[in-house]
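Spelled out from the first residue to the last, the chains are:
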Amino acid sequence: IMFMAEESSFLVGYAAAHKTEANHVGIVLGLESPTMNRFTNGYRAGIAYGAAELGKEITIDYAVAEAFDDSAKGRAMAQKMYTDGADIVYQVAGDTGKGIIEAAKEMDKWVIGVDLDQSALAPDHVICSGRKNVGTAVYEISKRVQAGENLGGTTLYMGLKEGGAGIATTGNLLGDEILGKVSEVEQKITSGDIKVPYDAAGLAAFLGAL
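Before going into details, it helps to say that this report is about the structure given with it. (Residues numbered from 1 in each chain as written. Predicted model: local features only at pLDDT ≥ 70, side-chain atom pairs only at ≥ 80, totals over all residues. Heavy atoms only, no water.)

### Quick look at the pattern of salt bridges
Here comes step 1: The full count for this structure, using the stated rule, is eight salt bridges.
Here comes step 2: Here arginine 75 and glutamate 106 are joined by a salt bridge, their closest N and O atoms 3.0 Å apart. With arginine 75 in helix H3 (residues 71–83) and glutamate 106 in helix H4 (residues 96–107), the pair connects residues that are 31 residues apart, well separated along the chain.
Here comes step 3: A residue is classified by how much of its surface remains accessible, and arginine 75, at 33% relative accessible area, is partly exposed. (Salt bridge = Lys/Arg side-chain N within 4 Å of Asp/Glu carboxyl O. Helix = DSSP H or I, 4+ residues; strand = E, 2+ residues; numbered from the N terminus. Buried < 20%, exposed > 50% of the residue type's maximum accessible area, 1.4 Å probe, protein only.)

Structural data, given as structure tokens:
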């Protein structure tokens, strides 16, 4: 099962575009790879879509930690982004990201969680989280296998439409207006009106069409 992380990342990027007051955001990746780059490309596309909607320019800082288990490094990288002017950072770095969340708390900034609802780690600072719905995926695939489908040797892609990706907004730090807009964009993705890019070529084409 391949989770279409670009779709959940598009939603959190779109939310960040509407939430940022500095018009300056960031993303810290644990490692670069085709799978991890889905997060980056979706996030950049979502920010660009929101920025175009609002008629503004948004600066995006980008960094790669080269580790998923170094919270101190994550904290330092986030501190630099916040010091440089970003007010929202998307952490896509596993346990390294816990340091990013700590930095947001210490510096009174905002942060976006990943894979699951991370609001409990910093209720006043995690504005949303891009979710990977592993439980839903396992349940749906199990049902299909039990029904007699032969899924061995196949790769299945699960995004918003299939229930494999989503966004958590516990605490409503985004506010009702932004949440409403995020919901509308989510519907456009599931209906196919917005095709979220997952690689560099797709991102370039998406940005060129805005």
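Read on for the rest.
### Notes on the environment of isoleucine 167
Here comes step 1: When you line up the elements, isoleucine 167 lands in strand S8 (residues 165–168).
Here comes step 2: For the pair formed by isoleucine 167 and serine 183, sequence separation is 16 residues and the distance between their alpha carbons is 9.8 Å.
Here comes step 3: Discounting residues that sit within four places of it in the chain, isoleucine 167 has contacts with Leu11, Val12, Cys128, Ser129, Arg131, Val182 and Glu186. (Contact = heavy atoms within 4.5 Å.)

### Section: the packing of helix H1 (residues 5–19) against helix H2 (residues 34–54)
Here comes step 1: Put simply, H1 and H2 touch, their axes get as near as 6 Å, and they point 35° apart. By crossing handedness, the relation of H1 to H2 is classed as right-handed. Together, Ala5, Glu6, Ser9, Phe10, Val12, Gly13, Tyr14, Ala16, Ala17 and His18 of H1 and Arg38, Phe39, Gly42, Tyr43, Ala45, Gly46, Ile47, Tyr49, Gly50, Ala51, Glu53 and Leu54 of H2 make up the contact between the two elements. (Axes fitted to C-alpha atoms, helices over the stretch in contact; angles between N-to-C directions. Left-handed = near helix turned anticlockwise from the far one by under 90°.)

### Observations concerning the nonpolar core
Here comes step 1: Judged by nonpolar contacts, the single largest core of 40 residues is most densely connected at Phe10, Tyr43, Tyr90 and Ile112.
Here comes step 2: Among the elements that take part in this core, H1 stands out by supplying eight residues, more than any other.
Here comes step 3: Leave out the neighbours within four places in its chain, and tyrosine 90 touches Ser9, Val12, Gly26, Ile27, Val28, Phe39, Tyr43, Ile112, Gly113 and Val114.
Here comes step 4: The next biggest cluster of nonpolar side chains, apart from the first, holds 16 residues, and it includes Val28, Met81, Tyr82 and Val111. (Core = buried A, V, L, I, M, F, W, Y, C linked by side-chain atoms within 4.5 Å.)

### Describing the packing of aromatic side chains
Here comes step 1: What the rule picks out here adds up to four aromatic pairs.
Here comes step 2: Note on phenylalanine 10 and phenylalanine 206: the rings are 5.8 Å apart at their centroids and 90° apart in plane angle, and the pair reads as edge-to-face. One end of the pair, phenylalanine 10, is in helix H1; the other, phenylalanine 206, is in helix H7 (residues 200–209), and 196 residues separate them in sequence.
Here comes step 3: Note on phenylalanine 206: relative accessible area 14%, which makes it buried.
Here comes step 4: Centre to centre, the rings of tyrosine 43 and tyrosine 90 are 4.9 Å apart; their planes meet at 45°, and the pair counts as tilted. With tyrosine 43 in helix H2 and tyrosine 90 in strand S4 (residues 88–92), this residue pair connects regions lying 47 residues apart in the sequence. (Phe/Tyr/Trp six-rings, centres within 6.5 Å; stacked < 30°, edge-to-face > 60°.)

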